[in-house]
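# Tertiary structure, described
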Amino acid sequence: QVQLVESGGGLVQAGDSLRLSCAASGRTFSTRRMGWFRQAPGNEREFVAAIRWGGDSTYYADSVKGRCTISADNTKNTVYLQMDRLRPENTAVYYCAAAESFFKNPITSLTYDAWGQGTHVTVSS
């Protein structure tokens, strides 16, 4: 099992930037893809971005294209989510997830086998 710990959340103002980090430990050798999801109060968990572990293949939700960048540092077993020009509607708990399969749909939460506890992001207007 892979253990995931997110960090980097906080309270920011609209238009600000944040970089979230997700540190992976444990059975990282079995990981093929990493993803970021978010869940706003009263809403379902939704896909934000995903990256192939060890590669540069990325996927983004349409709502974040151009404002978010996912990246990975395999030497540190860490995945990042850079978020720019944040909006109040981006307020949510952001979760990191790890998948052992490269072939499953990267935008669905069912693809992922391990989840972090989440980090809170609050964007004030």
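Assigned secondary structure in the protein consists of 0 helices and 11 strands. Across the protein, helices and strands are ordered from the amino to the carboxyl terminus as β-β-β-β-β-β-β-β-β-β-β. Against the compact-globule benchmark of 14 Å for 125 residues, the protein has a radius of gyration of 13 Å, which places it among compact chains. Per-residue burial over the protein gives 43% buried out of 125 residues. In the protein, 58% of the contacts between residues at least 6 apart in sequence involve partners at least 24 apart. For the protein, the exposed area adds up to about 6,500 Å²; of that, 46% sits on carbon and sulfur atoms. If the 13 positive side-chain charges of the protein are averaged to one point and the 11 negative ones to another, these points end up 4 Å apart.

With that settled, consider unusual backbone geometry. Although it is not a glycine, Asn77 sits at a positive phi angle of roughly 50 degrees. When you line up the elements, Asn77 lands in the loop between β7 (68-73) and β8 (78-83). Residue Asn77 is classed as partly exposed on the basis of its relative accessible area of 24%. Backbone geometry places Arg85, a non-glycine residue, at a positive phi of 50 degrees. Mapped onto the elements, Arg85 comes out in the loop between β8 and β9 (92-99). The class for Arg85 is partly exposed, based on a relative accessible area of 46%.

Before going further, it helps to examine the sheet that holds β7. Taken together, the 4 strands give an open sheet; going across it, the order is β1-β3-β8-β7, and neighbouring strands pair in antiparallel fashion. A strand with exactly one partner marks an edge of an open sheet, and here the two such strands are β1 (2-7) and β7. Going across the sheet, the axis of each strand differs from the next one's by a mean of 20 degrees, ignoring polarity. The pairing of β1 with strand β3 (residues 18-26) spans 6 bridges and is antiparallel. Its bridge partner being in β3, Ser7 is matched across the sheet by Ser21.

Tallied over the full model, the rule gives 2 cavities of 30 Å³ or more. Volume-wise, the largest cavity comes out at about 50 Å³. In this structure, the largest cavity is lined by Gln1, Val2, Thr31, Ala98, Ala99, Glu100, Asp113 and Ala114. Grouping the constituent residues of the lining of the largest cavity by class yields 4 nonpolar, 2 polar and 2 charged. What the second largest cavity holds in volume is close to 30 Å³. In this structure, the second largest cavity is lined by Arg38, Val64, Arg67, Cys68, Met83, Asp84, Leu86, Asn90 and Tyr94. Broken down by class, the residue content of the lining of the second largest cavity amounts to 5 nonpolar, 1 polar and 3 charged.

Tracing the backbone shows Val123 in strand β11 (residues 119-124). Under the relative-accessibility criterion, Val123 is labelled buried at 6%. Each C-alpha atom of the pair Val123 and Val12 lies 5.0 Å from the other, and the pair is 111 residues apart in sequence. Once residues lying within four places of it in the same chain are set aside, the contact partners of Val123 are Val12, Gln13, Ala14, Leu86, Arg87, Pro88, Asn90 and Thr91.

Calculation rules
Residues numbered from 1 in each chain as written. Predicted model: local features only at pLDDT ≥ 70, side-chain atom pairs only at ≥ 80, totals over all residues. Heavy atoms only, no water. Helix = DSSP H or I, 4+ residues; strand = E, 2+ residues; numbered from the N terminus. Rg over C-alpha atoms; globule rule 2.2 N^0.38 Å. Buried < 20%, exposed > 50% of the residue type's maximum accessible area, 1.4 Å probe, protein only. Contact = heavy atoms within 4.5 Å. Areas by Shrake-Rupley, 256 points an atom, 1.4 Å probe, with all protein chains shown as cover. Lys, Arg positive; Asp, Glu negative; His and termini not counted. Charge placed at Lys NZ, Arg CZ, Asp CG, Glu CD. Pairing = 2+ DSSP bridges. Axes fitted to C-alpha atoms, helices over the stretch in contact; angles between N-to-C directions. 1 Å grid on protein atoms, 1.4 Å probe; cavity = no way out; pocket = protein on both sides within 12 Å on 5 of 7 lines; lining within 4 Å. Points joined across faces, edges and corners; volume = space filled by probe spheres on them. Nonpolar A, V, L, I, M, F, W, Y, C, P; charged D, E, K, R; others polar.

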